[in-house]
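Now for the letters of each chain:
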Amino acid sequence: MSIQQFAAARAAFRTACPFRSFEERLGIVVFVLALLFAGIHQAAAHEFKAGDLEIDHPWSRAVPAGASVAGGYFTVTNKGSAPDKLLSITSDISAKAELHEMAVKDGVMTMRPVEGGLEIPAGGKVELKPGGFHLMFIGLKQPPKPGEKFPATLTFEKAGSVKVEFAVEAMDAGSGGMKMDHDSHAN
Ligand SMILES: [Cu+2]
């Protein structure tokens with residue numbers, strides 16, 4: 001939240017609660033501040049850096065009990081003047097992890113491993129998201145649960161290896177359709 005948003009929130013609070021005592025107001029303000037700082041902390045903690053790369057909001061989606069695969073998504077920004085490449089992913093949550101690309105071919109949604117790594121152009125940004133490029137955690141050792149985080153290591157050609165944490169969101173997070181394609185991996 002910015003200073004302006006905070007000032008607006010404070011003004012709105014004054015308008016809404018003109019008759020409250022000072023103690024009540026103080027209590028509410030402290031509560032709101034606690035919420036604000038919690039929010040700021042969470043946002044700051046969920047961005048990772050490796051050399052010129054910024055990895056923002058790695059997330060995964062909760063899976064049904066017994067599922068053997070889960071997706072992984074994030075945005076990576078290259079602030080440098082040379083392209084880089086995402087080469088590999090490892091995590092203790094699954095036996096292996098692959099980089100996949102989803103595309104519609106002859107009207108059928110297909111998914112295939114990305115060969116040779118995923119290029120992150122100089123000064124550019126690549127978004128891994130449901131329906132496009134994504135990570136696939138294959139052979140889950142434990143199912144990702146909503147609200148939890150699990151660690152993984154991303155290895156880039158130039159920036160090297162970086163440890164990140166995937167925040168697990170509810171099963172219906174993001175766009176639909178991905179679940180079906182994940183199921184096709186299970187056999
Ligand atoms: Cu996939």
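Since the model is a prediction, treat every value here as computed from it, not as a measurement. (Residues numbered from 1 in each chain as written. Predicted model: local features only at pLDDT ≥ 70, side-chain atom pairs only at ≥ 80, totals over all residues. Heavy atoms only, no water.)

**Notes on the overall build of the chain**
Under the convention used in this document: Counting from the N terminus, the helices are the DSSP runs of H or I reaching at least four residues and the strands are the DSSP runs of E reaching at least two. Only protein chains enter the accessibility calculation, which uses a 1.4 Å probe; a residue is then buried when its area is under 20% of its type maximum, exposed when over 50%, and partly exposed in between. We call two residues in contact when some of their heavy atoms are within 4.5 Å. Note on areas: Shrake-Rupley with a 1.4 Å probe; residue coverage comes only from the protein chains shown.
Across its full length, the chain carries three helices and eleven strands. Overall, the chain shows an N-to-C arrangement of helices and strands of α-α-β-β-β-β-β-β-β-β-β-β-β-α. Looking at the chain as a whole, 36% of its 187 residues qualify as buried. When contacts within the chain are restricted to residue pairs at least 6 apart in sequence, those whose partners lie at least 24 apart make up 68%. For the chain, the exposed area adds up to about 10900 Å²; of that, 58% sits on carbon and sulfur atoms.

**Quick word on the coordination of the copper ion**
Worth spelling out the cut-off: Metal donors: N, O and S atoms at distances within 2.8 Å, or within 3.2 Å for Na, K and Ca, with water omitted from the atom set so that some sites may seem incomplete.
Here the copper ion is held by His100 (ND1), Met111 (SD) and His134 (NE2), and the distances to it run 2.2 to 2.3 Å. Donor residues for the copper ion sit on one chain with the sequence pattern H-x10-M-x22-H. One end of the pair, His100, is in strand E5 (residues 94-105); the other, His134, is in strand E9 (residues 134-140), with 34 residues separating them in the sequence. Residues His100 and His134 agree in their burial class; the two are buried.

**As for the nonpolar core**
Soluble, globular proteins show a tendency: their nonpolar side chains are buried together. Defined as follows: Note on terminology: a nonpolar core comprises buried Ala, Val, Leu, Ile, Met, Phe, Trp, Tyr and Cys residues joined through side-chain atoms within 4.5 Å.
Within the largest apolar cluster, 30 residues are counted, with the highest numbers of intra-cluster contacts made by Ile55, Phe74, Leu135, Phe137, Leu154 and Phe156. Phe74 has contacts with Ile55, Asp56, His57, Pro58, Leu86, Val126, Glu127, Leu128, Leu135, Leu154 and Phe166, leaving out every residue within four places of it along the chain.

**Here we look at the side chain of Ser94**
Keep this limit in mind: Any N or O atom pair separated by 3.5 Å or less is treated as a polar contact, with the protein-specific requirement of one donor-capable and one acceptor-capable atom, and with residues adjacent in sequence counted only for side-chain atom pairs.
Following the sequence through the fold, Ser94 ends up in strand E5. Polar contacts involving the side chain of Ser94 include one to the main-chain carbonyl oxygen of Lys96, which spans 2.9 Å.

**Overview of the packing of aromatic side chains**
Spelled out, the test is: We call Phe, Tyr and Trp rings a pair once their centres come within 6.5 Å, taking the six-membered ring for Trp, and we label the pair stacked below 30 degrees between planes, edge-to-face above 60, and tilted otherwise.
Scanning all chains against the criterion turns up five aromatic pairs. Judged by centre distance (5.2 Å) and plane angle (85 degrees), the ring pair of Phe137 and Phe150 falls under edge-to-face. Within this pair, whereas Phe137 is found in strand E9, its partner Phe150 is found in strand E10 (residues 149-156), the two being separated by 13 residues in sequence. With a centroid separation of 5.4 Å and an interplanar angle of 10 degrees, the aromatic rings of Phe150 and Phe166 are classed as stacked. Here Phe150, found in strand E10, pairs with Phe166, found in strand E11 (residues 160-169); they are 16 residues apart in sequence, far enough to count as distant. Take Phe166: its relative accessible area is 0%, and that puts it in the buried class. Through pairs of rings, three or more aromatic residues link up here, namely Phe74, Phe137, Phe150 and Phe166.

**Re the pattern of salt bridges**
The line we're drawing: Note on definitions: salt bridges are taken to be side-chain nitrogens of Lys or Arg within 4 Å of carboxyl oxygens of Asp or Glu.
The tally for this structure, following the rule as stated, stands at four salt bridges. Note that Glu98 and Lys96 form a salt bridge whose closest N and O atoms lie 3.1 Å from each other. The exposure class assigned to Glu98 is partly exposed, which follows from its relative accessible area of 22%. The partly exposed category is assigned to Lys96, whose relative accessible area is 44%. Linking Arg112 and Glu101 is a salt bridge whose minimum nitrogen-to-oxygen distance equals 3.3 Å. Of this pair, Arg112 sits in strand E6 (residues 108-113) while Glu101 is found in strand E5, placing the two residues eleven residues apart along the sequence. By relative accessible area, Glu101 is classed as partly exposed at 24%.

**Examining the pairing of E5**
Stated precisely, the cut-off is as follows: Any two strands between which DSSP finds at least two bridges are classified as paired.
Bridge count for E5 against E9 is six bridges, and the pairing is antiparallel. Across the sheet, residue His100 finds its bridge partner in E9, namely His134. Across six bridges, E5 lies against E6 in antiparallel orientation. If you follow Glu101 over to E6, its bridge partner there is Arg112.

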